Amino acid sequence: MMRVISCVTVEHNLWLVLVAALVCAAGSWATIRLFLRAHEATGLQQIGWHFLTAVCAGSSIWCTHFVAMLAYEPGAPIAFDPVLTIASLFIAIAGTAAGFIAATAHAPRLAPIVGGAIVGLAISGMHYTGMAAYRVDGIVEWNTTYLVASVVLSVVFACAALSVALNDRIAGRKYLGAAILVVAIVSLHFTAMAALQVTPMVTRGDYTDPAALQAMALGIALAGLIVIGTGLASYLIDDRSRMEAFERLHHLAMNDTLTGLPNRTNFNEHLDREITRAKELGCQLAVIGIDLDRFKEINDIWGHSAGDEALKALASRMSALLQDGEFIARLGGDEFAGVKRMKGQSDILDFVSRLETALFTPIKIADVETTTGASLGVAIYPNDAQNRETMVNNADLAMYRAKANVARRVCFYEQAMDEAVRANRTLANDLRDAVENAQLDLHYQVQTSVSTGDIRGYEALLRWKHPTRGNISPAEFIPLAEENGLILPLGEWVLRTACAKAASWDRPYKIAVNLSPVQFAHADLPKLVHEILLVTGLKPSRLELEITESTIIADKNRTLNILRRIKALGVTIAIDDFGTGYSSLETLRAFPFDKIKLDRSFMSEVETSPQAKAIIRAVLALGQSLAIPVLAEGVETHSQLSILRAEGCNEAQGFLLGRPAPFGEIFALSQREDVAGAEDYRQIRQAVA
Ligand code: C2E
Ligand code: MG
Ligand code: MG
C-alpha cells in the first residue's frame, strides 16, 4: 500500500478498488482468449489478433492502475503529468505486444517464458511511468526492496500465466492463465505501492475534489471496459463464424448432398452407437438394407436428373415416416439402409411395412407416374450378428435374396440360405483377383471330323486354379462372373488369348471360343472381335464363336444385329448346347448359324434311350436340310462314335477324342507323335477314320 495515504482513503473508495479489480479480471480474461487466437492464427490474421491482444492487455493494465490510483484520496492535491500518463499507456500496449509476439515464436518451451518476462516488464514499466506522472504535494520516498520485489513478482507471474495458457495439457488453461495474469498485475501494483511512502505537506485542506477523481476513475474504467469489450466482441464474432463453418463442414461430411439424408460415415457411427446401447440394455436392434429395383431404368429412360429427383422424393418420404429410435441413411447410388431399435418382431414388421409403402407408392417423373420398387433385407442384433460389419453384410445378403426372388420384397436373414450367397460373393471377389494374379488359363479340346478323324479345330475352355480351393469348374464361376460384370474383362481375355495362341499354330485349325450373353448386352462386341483379329493376325475364318440359345432369347433383335456384324467379318457362329434350352426352330430360322453343337446330355443316353437317339437323328436331319453341319458334344465311347458315324454326324468332340488340355500338351500331342500318350491319341484318330 502507499503507506500514509492508504490509511486515510481505503474505506472511502473500496468500490473504486472493486471497479479496478473488475477491469483487471475482465481484461485478463479477454487478453488470454485473444492471445490464444493469435497463437493459432498465421500471417496477417495473426498480426491482427496480436494487435487486439496488446490493445486489450495494455488498456486493462493501464486502466486497472489508474482506477486503483484514483481510489485513494491522498489527503493532498494531486495532478497528472499528461506526457508521462500517455507514455505509460503506450508502454503498456507496446510492451505487452512485444511480449505476446515473443511468446508465440517457434520455441515451445522458451517462448512463453521470454514472452511472459517481457509482459511482466511491460506491466512494471507502465506502473512506474504512471507513478512518475502522479504528482502529489508531499515527501516521496521509495523502498528499494519492495520495488525490486514488485518487478520480480510481475515477471514471474506473467511468465507463469503465458506458460499455463499455452499448455494444452492443462484443463481450463484459459481461466487459469487469466487468473495468474490478474495476480501478476495486482501483485505488481500493491507491492509497488508498498514501496512508496508519501508524507503530505498540505495543511489548509485544499484537496483535489474526491468526486472529480471518482468521475475520472469511472470514465477511465468505462473506456477500458469498452476497449476490452471490443476485443471480446471480435473474438466472439470470429468464434461464431468458425463454429458455423465447422458445423457446415461437419454437416457436409456426415450427410448426403443430394438427398440430405445421413451418409455412410454417419450411418456407421450411428450403428456403432446403437449396437453399444443395445448391448448395454440387452435389447434388440435391426438393420435394414434397401436397394432400389428399377432405378437404373429411370436413369436410362429419363436421364440422370430424373434419377436424382426420384432419389430425393423417396428419401424425403422415408425420412418423413421415421419415428423414435428409427434412422435412415443413403449409403450411395440407389442403396439405402435403416436402423431400428426394437422390442419385438412386430416393431420391425411395422417399420418395414411403412418403408414398403414409401418405396412402392408411385412417384411422378416428367409427368409420368412410376414405381422404382425396392428389395429389403433385415438382420437383427444379437440373433443374426453381433457387430456392425456382420450386421450390414447379413442384411445385404438377405436383401440380395429378396432381389433374386421376384415374389418377395423383404427377406429376413436366414443363416443356411444366406451363407451360400456369402460363399458365392467371396468366390466372386477371389475371381476379381484371379484375373490380376494370373490364376486363369485356357485349355483346348479337340474337335474332329466324324468321317475322317481329321482335326477340325479346338474349343478354348477357361480354367481357374484357385489358390486354396484348387481347380474350380467354369460351370461354377462363369455364372458368378456374369452376375457381377466380371465376364466382360474375362471374356475379352479369353478371346484375345485364344486367338493369339491359334495364330501361332502351324496348322490352320479353327479355334472355338464361348461367348456369354452378358458380353452381347454390354460390350461393342463386333468392334472388339475385329480389333483382336487385327492385333493377333488370326484369319477371321479360323475363329468360331459359340453362343447359347439364351443369348438370342435375351434381346433377339440386338443379338441378331451383333451376330450379323460379326459374321460380316468372316467369323463363323455356332449354336452351343443345342437341345437343352428352348430348342426353338425359330432360333435356327432367325440366324444362319455355321454349326449346331448338340448338347452332350444326348450322347450319354444315346446307347440306352431310344428317345435320345431319335432326337439326335432329328437334329442331324434338321442340320442336313438347313445345310448346317452338326457337332456332337460329349463323345466318350467308341460305340457312341459309331452311332454318330452311322447317322451321318459331321463332327464330334469329347473325352474319347481328347480331353481339354493346356496349350503345351496339345501342341506336344499333335505335333510330336513320340511323347507319352501320343500313341493312344493316334490310335483313336485312326479308329475314327
Ligand atoms: P461347353 O461350351 O458346352 O463346353 C464343353 C464342356 O463339356 C466343357 O466343360 C468340357 O470339359 C466338357 N466336356 C467335353 N467333352 C466331354 C465329355 O466327353 N464328357 C463330359 N462329361 N464332358 C465333356 P467345362 O470346361 O467344364 O465348361 C463348362 C461350360 O463352361 C462350357 O460348356 C461353357 O458353357 C462354359 N465355359 C467354359 N469356358 C468358357 C469361356 O471362356 N467363356 C464362357 N462364356 N463360357 C465358358
Ligand atoms: Mg462351348
Ligand atoms: Mg456345349
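Residues numbered from 1 in each chain as written. Chains lettered and ligands numbered in written order. Predicted model: local features only at pLDDT ≥ 70, side-chain atom pairs only at ≥ 80, totals over all residues. Heavy atoms only, no water.

### Focus on the coordination of the magnesium ion (ligand 2)
Note the following rule: Think of the donor list as every N, O and S atom within 2.8 Å of the metal, or within 3.2 Å for Na, K and Ca; water never makes the list, so a site can look incomplete. Helix and strand labels come from DSSP, where a helix needs a run of H or I of at least four residues and a strand needs a run of E of at least two; each type is numbered from the N terminus.
Looking at the magnesium ion (ligand 2), the protein donor atoms are Glu459 (OE), Asn514 (OD1), Glu546 (OE) and Asp576 (OD), and they sit 2.0 to 2.2 Å from it. Coordination of the magnesium ion (ligand 2) draws on donor residues from a single chain, spaced E-x54-N-x31-E-x29-D in sequence. A separation of 3.9 Å is found between the magnesium ion (ligand 2) and the magnesium ion (ligand 3), which are bridged by Asp576. Placement of the pair is Asn514 in strand β15 (residues 510-514) and Asp576 in strand β17 (residues 572-578), with a sequence separation of 62 residues.

### Brief notes about a nonpolar patch on the surface
Quick reminder of the rule: Exposure above 30% relative accessible area and no salt bridge define the residues that can form patches, which grow by joining like charges within 9 Å and nonpolar side chains of Val, Leu, Ile, Met, Phe, Trp and Tyr within 5 Å. Note on areas: these come from Shrake-Rupley sampling with a 1.4 Å probe, and a residue is covered only by the protein chains present in the view. Salt bridge, as applied in this entry: a Lys or Arg side-chain nitrogen positioned within 4 Å of an Asp or Glu carboxyl oxygen.
Together, Val148, Val152 and Val156 make up a nonpolar patch on the protein surface, roughly 240 Å² of accessible area in all. Among the secondary structure elements, Val152 is positioned in helix α6 (residues 144-166).

### So, the coordination of the magnesium ion (ligand 3)
Within the first shell, the magnesium ion (ligand 3) binds the protein through Asp576 (OD), Asp577 (OD), Glu633 (OE) and Glu633 (OE), at distances of 2.0 to 2.6 Å. All donors of the magnesium ion (ligand 3) come from a single chain, and their spacing in sequence reads D-D-x55-E.

### Observations concerning the domain arrangement of the protein chain
Our working rule: Boundaries of every domain are those given by an automatic assignment or by a domain database.
The domain boundaries assigned to the protein chain delineate domain 1 (6-200 + 214-238), domain 2 (264-413) and domain 3 (429-688). Between the C-alpha centres of domain 2 and domain 3 there is a distance of 44 Å.

### Some details on the sheet that holds strand β6 (residues 326-332)
Strands pair in a sheet through their backbones, by hydrogen bonds, and they do so in one of two ways: parallel or antiparallel. So the rule is basically this: Any two strands between which DSSP finds at least two bridges are classified as paired. Axes here mean lines fitted to C-alpha atoms, for a helix over just the part in contact, with angles spanning 0 to 180 degrees between N-to-C directions.
If you trace the five strands from one edge of the open sheet to the other, you get β6-β7-β5-β10-β11, paired in mixed fashion. Two strands lie at the open edges of the sheet, namely β6 and β11 (410-412), each paired on one side alone. Along the sheet, successive strands turn relative to each other by an average axial angle of 20°, direction set aside. Looking at chain direction, strand β5 (residues 284-292) and strand β10 (residues 374-381) are connected through eight bridges and run antiparallel. Within β10, the position partnered with Leu292 by the bridge is Ala374.

### So, the site of ligand 1
To keep things clear, this is the line we draw: Each residue is tested against the molecule or strand, and it is near if at least one of its non-hydrogen atoms lies within 4 Å. Contacts described as polar in this section are N or O atom pairs within 3.5 Å, which, within protein, must combine one atom able to donate a hydrogen with one able to accept it, while residues neighboring in sequence count only if both atoms come from side chains. By the convention adopted, Pro, Cys, Tyr, Trp, Phe, Met, Ile, Leu, Val and Ala count as nonpolar, Lys, Arg, Asp and Glu as charged, and the other residues, Gly among them, as polar.
In the region of ligand 1, 22 residues are neighbours, and Gln445, Asp576, Arg600, Glu636 and Phe655 sit closest. A distance of 3.1 Å separates a nitrogen atom of ligand 1 from a polar backbone atom of Leu462. In the model, an oxygen atom of ligand 1 is placed 2.6 Å from a nitrogen or oxygen of the Arg600 side chain. Coverage of ligand 1 by the protein chains reaches 83% of its 780 Å² of free accessible surface. Among the secondary structure elements, those contributing two or more residues to the shell around ligand 1 are β13 (455-466), α15 (474-483) and β17. If one sorts the elements of the shell around ligand 1 by residue count, β13 sits on top with four residues. Its residues assigned to classes, the shell around ligand 1 shows nine nonpolar, five polar and eight charged.

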